[in-house]
Amino acid sequence: MLELLKSPWHWSVAGVMIGLTVPILLILGNKKFGISSSLRHVCAACLPANISFFKYDWKKESWNLFFVVGVFLGGFLAHLFLQNPQDMQVTESTKAVLASYGITDYSQLMPTEIFAWKNLFTLKGFIFFVLGGFMVGFGTRYAGGCTSGHSIMGLANLQLPSLIATISFMVGGFISANVLLPLIFKLL
Amino acid sequence: MIQNTIESPEIEEIINTDTRHTDAMCTNESALQHPWWYNFKYMAVGIIFGIVFIKAEIISWFRIQEMFQLTSFHMYGVIGTAVVVGLISIQLIKRLNIKSIYGEKITIDNKEFNKGQIYGGLIFGLGWAITGACPGPLFAQIGNGFGVIAITLLSAIAGTWVYGKFRDKLPH
């Protein structure tokens with residue numbers, strides 16, 4: 001059983017469990033699934049700076065912060081008890097593209113060639129951590145939600161704005177992965 | 001906009017809810033007041049959610065590259081299945097008039113279109129393929145031992161703050 005839990009889970013299992021989060025949060029307390037809002041609550045709690053966008057009672061949304069702390073703890077527990085001892089299985093054609101970027105280490109979920117402390121004060125670190133993170137935070141709030149709020153909660157509730165947002169996420173992602181990243185790695 | 005003179009707590013509550021609604025999917029309209037430790041049940045849901053993120057490799061930068069290079073069905077399968085399960089669940093809740101465990105009526109407000117969903121969506125998409133993470137996986141990645149992602153998270157919080165600061169000047 002533990003061996004089965006340690007090996008990577010099928011997409012359908014993950015899809016069902018993530019989909020069930022929507023009704024579970026609604027039934028537990030009429031809460032709408034959405035994660036990027038937690039970043040806004042952190043701003044409202046720590047540095048509202050008299051900006052009207054952050055002047056609200058963030059404590060009313062603190063459930064959202066408990067939720068993301070849970071996501072962090074879930075990641076930690078999986079790291080302690082359910083780590084997959086094998087290399088990640090990645091499609092050969094993607095492996096070929098990544099090899100041209102100089103990425104060949106598949107021992108972990110993230111490529112160690114990029115996501116390591118030693119890259120923090122390099123151009124690579126600036127692009128992948130600082131710039132990338134900024135775009136994620138700025139873009140999700142500008143769009144009014146992220147993959148959870150728009151692509152899952154919004155689409156499940158048949159919201160047209162969420163479909164528009166999801167299409168925009170995907171278009172941005174396709175451009176980034178196929179045009180921007182090759183340029184970035186050429187530069188580095 | 002927030003008025004300087006707020007006369008009744010009722011108006012204050014409406015203004016507060018409006019501000020929280022702005023550009024957010026997950027505002028909490030629940031009128032119920034509970035002690036803070038009631039929130040631990042959401043942490044429990046988050047823990048299971050985080051484990052799923054790791055074990056289905058959703059937090060993996062490699063899986064995100066595969067998704068945007070169209071070389072694997074994995075992420076499409078995850079998101080597609082989640083949408084279908086969520087959709088069926090919401091329909092059941094609405095049609096059977098299912099209440100929350102506190103007996104409260106479940107309400108889901110509609111989202112209004114603004115151009116931010118396109119501009120912001122594109123910016124997020126660009127960042128998504130670079131970091132290999134949307135906001136949720138950032139938390140799970142840090143928990144999973146990639147400490148340096150804390151910098152990405154801080155930067156994402158900074159991005160959110162900058163959006164709030166310049167919101168009035170951006171096209172919506």
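Cut-offs applied
Residues numbered from 1 in each chain as written. Chains lettered and ligands numbered in written order. Predicted model: local features only at pLDDT ≥ 70, side-chain atom pairs only at ≥ 80, totals over all residues. Heavy atoms only, no water. 1 Å grid on protein atoms, 1.4 Å probe; cavity = no way out; pocket = protein on both sides within 12 Å on 5 of 7 lines; lining within 4 Å. Points joined across faces, edges and corners; volume = space filled by probe spheres on them. Helix = DSSP H or I, 4+ residues; strand = E, 2+ residues; numbered from the N terminus. Nonpolar A, V, L, I, M, F, W, Y, C, P; charged D, E, K, R; others polar. Domains from an automatic or database assignment. Salt bridge = Lys/Arg side-chain N within 4 Å of Asp/Glu carboxyl O. Buried < 20%, exposed > 50% of the residue type's maximum accessible area, 1.4 Å probe, protein only. Contact = heavy atoms within 4.5 Å. Polar contact = N/O pair within 3.5 Å; in protein donor to acceptor, adjacent residues only side chain to side chain. Disulfide = S-S within 2.5 Å. Buried area = accessible area lost by both parts, 1.4 Å probe. Axes fitted to C-alpha atoms, helices over the stretch in contact; angles between N-to-C directions. Left-handed = near helix turned anticlockwise from the far one by under 90°. Phe/Tyr/Trp six-rings, centres within 6.5 Å; stacked < 30°, edge-to-face > 60°. Lys NZ or Arg CZ within 6 Å of the ring centre and 35° of its normal.

A. Structural context of empty space enclosed by the protein. A full pass over the atoms with the stated rule returns one cavity of 30 Å³ or more. Roughly 150 Å³ of volume is contained in the largest cavity. Taken together, 16 residues form the lining of the largest cavity, with Thr147(A), Ile152(A), Phe53(B), Ile58(B) and Cys134(B) sitting closest to its centre. For the lining of the largest cavity, the elements supplying multiple residues, two or more each, are helix 7 (147-156) of chain A together with helix 2 (40-55), helix 4 (74-95) and helix 6 (135-143) of chain B. Here the lining of the largest cavity is built from residues that sort into 13 nonpolar, three polar and no charged. Composition of the lining of the largest cavity by domain shows at least three residues from each of domain 1 (1-86) and domain 2 (120-188) of chain A.

B. Spotlight on the pattern of salt bridges. Residues and elements named next belong to chain B. A full pass over the atoms with the stated rule returns two salt bridges over all chains. Across the pair Arg63 and Glu66 runs a salt bridge, and its minimum N-O distance is 2.8 Å. One end of the pair, Arg63, and the other, Glu66, are both in helix 3 (residues 61-68), three residues apart, so they sit about a helical turn from each other. Glu66 sits in the buried class, given a relative accessible area of 2%. Shared partners join several salt bridges into a network, and the residues in it are Glu57, Arg63 and Glu66.

C. Examining the interface of chain A and chain B more closely. Every contact between the two is made by 136 residues of chain A and, on the other side, 128 residues of chain B. Here chain A is connected to chain B by zero salt bridges. At the surface where chain A touches chain B, the tally comes to 32 residue pairs in polar contact (both at pLDDT 80 or more). Secondary-structure elements contributing two or more residues to the side of chain A that touches chain B are helix 1 (2-6), helix 2 (11-29), helix 3 (37-46), helix 4 (62-81), helix 5 (92-100), helix 6 (123-143), helix 7 and helix 8 (160-187) of chain A. Split into classes, the residues belonging to the side of chain A that touches chain B amount to 81 nonpolar, 45 polar and 10 charged.

D. Quick look at unusual backbone geometry. Here Ala49(A), not a glycine, exhibits a phi torsion of approximately 50°, which is positive. Examined against the element boundaries, Ala49(A) turns out to sit in the loop between helix 3 and helix 4. Look at Leu70(B): it is not a glycine, yet its phi comes out positive at around 55°. Looking at the element boundaries, Leu70(B) is found in the loop between helix 3 and helix 4. Its relative accessible area of 59% is what places Leu70(B) among the exposed residues.

E. Spotlight on the state of the cysteines. Residue and element names in this part refer to chain A. Scanning all chains against the criterion turns up zero disulfides over all chains. Cys43 carries a free sulfur, and the closest cysteine sulfur to it, the one in Cys46, is 7.9 Å from it. With a relative accessible area of 3%, Cys43 lands in the buried category. Look at Cys46 and you get exposed, because its relative accessible area is 59%.

F. A look at the domain arrangement of chain A. Residues and elements named next belong to chain A. Per the domain assignment, the segments of chain A are domain 1 (1-86) and domain 2 (120-188). One C-alpha centre belongs to domain 1, the other to domain 2, and the line joining them spans 18 Å. In this complex, domain 1 contributes 11 residues to the contact, which on the side of domain 2 involves nine residues. With both chains or domains summed, domain 1 and domain 2 bury close to 780 Å², and 75% of this area falls on carbon and sulfur atoms. Contact with domain 2 buries surface across domain 1, with Val22, Phe33 and Ser36 losing the most and accounting together for 51% of the total. Inspection of the domain 1/domain 2 interface yields zero salt bridges. Applying the counting rule to domain 1 against domain 2 returns two residue pairs in polar contact (both at pLDDT 80 or more). Every element with two or more residues in the side of domain 1 that touches domain 2 is listed here: helix 2 and helix 3. For the side of domain 1 that touches domain 2, the element with the most residues is helix 3, which contributes three residues.

G. Representation of the packing of helix 3 of chain A against helix 4 of chain A within the structure. Residue and element names in this part refer to chain A. Running from N to C, helix 3 and helix 4 cross one another at 115°; their axes reach a closest spacing of 9 Å. Handedness of the crossing formed by helix 3 with helix 4: left-handed. Here helix 3 contributes Ser37, Ser38, His41 and Val42 to the contact with helix 4, which in turn contributes Asn64, Leu65 and Val68. Of the residues belonging to the contact of helix 3 with helix 4, the class tally is three nonpolar, four polar and no charged.

H. Here's a closer look at the packing of aromatic side chains. For the structure on display, the rule yields 29 aromatic pairs over all chains. With a centroid separation of 5.2 Å and an interplanar angle of 80°, the aromatic rings of Trp11(A) and Phe73(B) are classed as edge-to-face. With Trp11(A) in helix 2 and Phe73(B) in the loop between helix 3 and helix 4, this residue pair bridges two chains. Look at Phe53(A) and Phe54(A): their rings are 5.3 Å apart centre to centre, the planes differ by 70°, and that puts the pair in the edge-to-face class. Across the pair, exposure class does not vary: Phe53(A) and Phe54(A) are buried alike. An aromatic cluster is present here, built from Tyr101(A), Tyr106(A), Phe115(A), Phe128(A), Phe129(A), Phe185(A), Trp61(B) and Phe62(B) joined pairwise through their rings. Across from the ring centre of Phe53(A), 3.7 Å away, lies the NZ or CZ of Arg40(A), which sits over that ring. Positioned above the aromatic ring of Tyr106(A), the side-chain terminus of Lys95(A) is 5.0 Å from the ring centre.

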